[in-house]
Amino acid sequence: MLRVISAGLLVAWLAILPAVAEQVDLRVLAWPGYADSDIVTVFEKRYQVKVKVSYVTNDDDMWLRIGHQQGADFDVFAVNTAELQRYINANLTQPLNPKLLPNVLHQRSRFKALQSIPGATRGDAVYAVPYTYSEMGLIYNLAMFKQPPTSWQVLWDPRYRAQILAYNGSSHNYSLAAMVEGVANPFQLDEAQFRQATERLVALRRNVLTFYASPEEALDYFTQENIALMFANYGAQQVKMLTDAGAQVGYVIPREGALAWLDCWVLSAGMKNSELAHQWINYTLEPWVSERLTQRQGLANTIVQDPRSVTEDKVIWLQAVEDQQRRSQVWQLILSGKNMATME
């Protein structure tokens, strides 16, 4: 009887103990499709480690997650070169050691020359290794357009009200609106230009069906609703997803041009194991890993020339913006339904 009571007490005691945290050796924060489970599994087996991958769907979310506890929650993350600048300024990232990344030799020359990539370096320090890139073009429904749209102005056309999908991202939307307004540098807006862009985005909110976050969410809306147009924040990745799902779509770079991002692997300021973090980045630059990214996601990689590149397309590479915090704050007001009068 004493043994039974002791066993019962032991069970009760164990039940109130805090759960033992799962042992994780590498913590990766990335965009959907950048670190698929089978790719991660190969890495784990090779190095006998446990990897935890978390995902984000917009730059504002990434900023909050890396900024929490000064980067202590992650070891490696993927961010575009324009956004990277504020992470460096806030001491949320740290330089890489190129000597630990021999697979950069597989990359095309334009991506190996890091000093020539705006935002990848500061002084002599290397902060980023390019992984993938895409322009953010315009997807259109072939059943609703006999000819491809020629201007971004079509997103504001009342004929397509509630048939448009746009992206839920403050920085990119402000740059897009400024580009449509004809601003020479859509990344550095003065007060008058910021107001113009805000008015544009208020009008866009009234014309769209919704603002999506992930490519999967956009796919669901496109296949379930009567969608005419989509601002393709994920570019070729979304074209592939829609085509694979049977959607009849076209993809175009309007005459004003298209914003374009270059996503890179970066070390968090809270990185715990430098050698393992570098091994992860080096691993993703193995040709088969990068090529699988292209095969599955439709995104260009830095190893093989993208055959879809069209030289005459006007591509505008993202740059750091004049005030990311302000763009984010005002964008949230726009999303909540505020108009210019109620924001002032």
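Residues numbered from 1 in each chain as written. Predicted model: local features only at pLDDT ≥ 70, side-chain atom pairs only at ≥ 80, totals over all residues. Heavy atoms only, no water.

Trainee: Sorry, what's going on with helix H2 (residues 37-47) here?
Mentor: The periodicity of an α-helix, 3.6 residues per turn, causes residues three or four places apart in sequence to face the same way. Residues Ile39, Val40, Phe43 and Glu44 constitute the buried set of H2. Relative to the axis of H2, the buried residues are bounded by an arc of 135° and lie together on one face. The exposed set on the far side of H2, more than 90 degrees from its buried face, consists of Ser37 and Lys45. The secondary structure elements touched by the buried residues of H2 are strand E1 (26-30), strand E2 (51-55), helix H10 (274-284) and helix H11 (287-297). (Buried < 20%, exposed > 50% of the residue type's maximum accessible area, 1.4 Å probe, protein only. Helix = DSSP H or I, 4+ residues; strand = E, 2+ residues; numbered from the N terminus. Arc of directions from axis to C-beta. Contact = heavy atoms within 4.5 Å.)

Trainee: Would you explain the pattern of salt bridges in this entry?
Mentor: Two side chains bearing opposite charge may form a pair once their charged atoms approach each other closely. Enumeration over the complete set of coordinates arrives at 12 salt bridges. Notably, a salt bridge pairs Asp38 with Arg292, separated by 3.5 Å at the nearest N-O pair. Highlighted residues: Asp38 in helix H2 and Arg292 in helix H11, separated in sequence by 254 residues. Classification of Asp38 by relative accessible area gives partly exposed; the value is 27%. Owing to a relative accessible area of 29%, Arg292 belongs among the partly exposed residues under this scheme. (Salt bridge = Lys/Arg side-chain N within 4 Å of Asp/Glu carboxyl O.)

Trainee: I keep staring at the packing of helix H9 (residues 236-244) against H11 and nothing clicks. Help me out?
Mentor: When two helices pack together, you describe them by how their axes are tilted relative to each other and by the distance separating the axes. Taken N-terminus to C-terminus, the directions of H9 and H11 make an angle of 50°; their axes are 8 Å apart at the nearest point. What the angle tells us is that H9 and H11 run oblique. Residues Ala236, Gln237 and Lys240 of H9 form the contact with H11, whose participating residues are Thr294, Gln295, Arg296 and Gln297. When grouped by side-chain class, the residues that make up the contact of H9 with H11 number one nonpolar, four polar and two charged. (Axes fitted to C-alpha atoms, helices over the stretch in contact; angles between N-to-C directions. Parallel < 35°, antiparallel > 145°, perpendicular 65-115°, else oblique. Nonpolar A, V, L, I, M, F, W, Y, C, P; charged D, E, K, R; others polar.)

Trainee: Explanation requested: the confidence of the model for the protein in the structure shown.
Mentor: Note: predicted coordinates in regions of low pLDDT should not be interpreted at a detailed level. Taken residue by residue, the protein gives an average pLDDT of 91. The fraction at 70 or more is 92%. Contacts of residues 1-7 to residues separated by more than four positions or lying in other chains number zero contacts, the stretch itself having pLDDT below 50. (pLDDT = per-residue confidence, 0-100.)

Trainee: Sorry if this is basic, but what is going on with the nonpolar core here?
Mentor: Soluble globular proteins tend to pack their nonpolar side chains together in the buried interior. In this structure, Tyr34, Leu155, Leu229, Trp265 and Trp280 are the most contacted members of the largest nonpolar core, which totals 109 residues. Examining the composition of this core, we find that seven residues originate from one element, strand E13 (residues 258-268), more than from any other. Excluding anything up to four places from it in sequence, Leu155 contacts Leu138, Ile164, Leu176, Leu204, Asn207, Leu229 and Phe231. (Core = buried A, V, L, I, M, F, W, Y, C linked by side-chain atoms within 4.5 Å.)

Trainee: What's the story with the pairing of strand E9 (residues 164-167) in this structure? I'm lost.
Mentor: Successive residues of a regular strand alternate their side chains across the two faces of the sheet. Neither face of E9 is open: one carries Ile164 and Ala166, the other Leu165 and Tyr167, and all of them are buried. By the bridge criterion, two bridges tie E9 to strand E11 (residues 229-231) in an arrangement that is parallel. Paired with Ile164 across the bridge in E11 is Leu229. Bridging between E9 and strand E10 (residues 210-212) involves three bridges; their strand directions are parallel. Bridge pairing in E10 links Tyr167 to Tyr212. (Pairing = 2+ DSSP bridges.)

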